[in-house]
Amino acid sequence: PKDGATVSGIAKITGLTPTEGFERWELLVFPGGNDSALSTIYVTGGDKLGEVSYDLDTTMFPDGNHVVALRVVRPDTSYVDYRVGVVVANAPAAQ
């Protein structure tokens, strides 16, 4: 999703692996944008450049602001995060 997007249900998370020479990529969610509350959602190995995609079940998280990140991890364990803020909105709208 784009930064600031509202998501609900199953949200397709798509990114591009941005660099050569990485060991794996990880899909992370920072509930409320809080780095200390990190949830690792998906990890896969490989060093191919290109699109990576995952269907995220947003019902695993409370409604509100969260940060979704694609973390690219190099063989030396250094990494780079690419983050976007999303708003999870699964509760029915108030009538």
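Residues numbered from 1 in each chain as written. Predicted model: local features only at pLDDT ≥ 70, side-chain atom pairs only at ≥ 80, totals over all residues. Heavy atoms only, no water.

> Kindly report on the overall build of the protein chain, identifying the contributing residues and their values.
For the protein chain, the count of helices and strands is zero helices and seven strands. Mapped from its N terminus to its C terminus, the protein chain presents α and β elements in the order β-β-β-β-β-β-β. Based on the C-alpha atoms only, the size of the protein chain along its principal axes is roughly 50 × 25 × 20 Å. A sequence separation of at least 24 residues applies to 65% of the contacts in the protein chain between residues at least 6 apart. A total of about 5,600 Å² of accessible surface is found on the protein chain, and carbon and sulfur atoms cover 51% of it. Here the protein chain contributes 7 positive and 12 negative side-chain charges, whose respective centroids are spaced 3 Å apart. (Helix = DSSP H or I, 4+ residues; strand = E, 2+ residues; numbered from the N terminus. Contact = heavy atoms within 4.5 Å. Areas by Shrake-Rupley, 256 points an atom, 1.4 Å probe, with all protein chains shown as cover. Lys, Arg positive; Asp, Glu negative; His and termini not counted. Charge placed at Lys NZ, Arg CZ, Asp CG, Glu CD.)

> Residue-level account of the environment of Pro 92, with values.
With respect to the secondary-structure elements, Pro 92 resides in the segment after strand S7 (79–88). In the structure, Pro 92 is positioned 27 residues away from Asn 65 in sequence and 16 Å away in space, judged by C-alpha atoms.

> Tell me about unusual backbone geometry, and please be specific about residues and values.
The residue Thr 77 is not glycine, and still its phi comes out positive at about 75°. Within the element layout of this structure, Thr 77 appears in the loop between strand S6 (64–73) and S7.

> So what's going on with the nonpolar core? Residues and values would help.
In terms of nonpolar packing, the biggest core is built from 16 residues, with Trp 25, Leu 27, Val 29, Ile 41, Leu 56 and Val 68 touching the most fellow members. Contributing elements (two or more residues each) for this core: strand S2 (10–17), strand S3 (24–31), strand S5 (50–57), S6 and S7. Apart from the residues within four sequence positions on either side, Trp 25 is in contact with Thr 17, Tyr 42, Val 43, Thr 44, Val 52, Ser 53, Leu 70 and Arg 71. (Core = buried A, V, L, I, M, F, W, Y, C linked by side-chain atoms within 4.5 Å. Buried < 20%, exposed > 50% of the residue type's maximum accessible area, 1.4 Å probe, protein only.)

> I'd love a proper account of empty space enclosed by the protein, names of residues and values included.
Counted under the stated rule, the structure contains one cavity of 30 Å³ or more. When contributions to the lining of the largest cavity are tallied by element, the ones reaching two or more residues are S6 and S7. (1 Å grid on protein atoms, 1.4 Å probe; cavity = no way out; pocket = protein on both sides within 12 Å on 5 of 7 lines; lining within 4 Å. Points joined across faces, edges and corners; volume = space filled by probe spheres on them.)

> How would you explain the side chain of Thr 58 if you had to name every residue and give the values?
For Thr 58, the location among the structural elements is in the loop between S5 and S6. Side-chain polar atoms of Thr 58 contact the backbone oxygen of Gly 9, separated by 2.8 Å. Setting aside chain neighbours within four positions, we find Thr 58 in contact with Val 7, Ser 8, Gly 9, Ala 11, Val 88 and Asn 90. (Polar contact = N/O pair within 3.5 Å; in protein donor to acceptor, adjacent residues only side chain to side chain.)

> Tell me about the confidence of the model for the protein chain, and please be specific about residues and values.
Mean pLDDT over the protein chain: 86, with 91% of residues reaching 70 or higher. Mean pLDDT across the elements of the protein chain bottoms out in strand S4 (residues 39–45) (83) and peaks in strand S1 (residues 5–7) (96). (pLDDT = per-residue confidence, 0-100.)

> Talk me through the packing of aromatic side chains; I want residue IDs and the actual numbers.
Applying the stated criterion across every chain, the model contains two aromatic pairs. Consider the rings of Trp 25 and Tyr 42, whose centres lie 5.5 Å apart with planes at 50°: the pair is tilted. In this pair, Trp 25 is assigned in strand S3 and Tyr 42 in strand S4, connecting sequence segments 17 residues apart. Taking the relative accessible area as the measure of exposure, Tyr 42 reaches 33% and is therefore partly exposed. Here the aromatic cluster, defined as three or more aromatic residues joined through ring pairs, consists of Trp 25, Tyr 42 and Tyr 54. Positioned above the aromatic ring of Tyr 79 is the side chain of Arg 71, whose terminal nitrogen or guanidinium carbon lies 3.9 Å from the ring centre. Cation over ring: Arg 83 sits above Phe 30, and NZ or CZ is 4.2 Å from the ring centre. (Phe/Tyr/Trp six-rings, centres within 6.5 Å; stacked < 30°, edge-to-face > 60°. Lys NZ or Arg CZ within 6 Å of the ring centre and 35° of its normal.)

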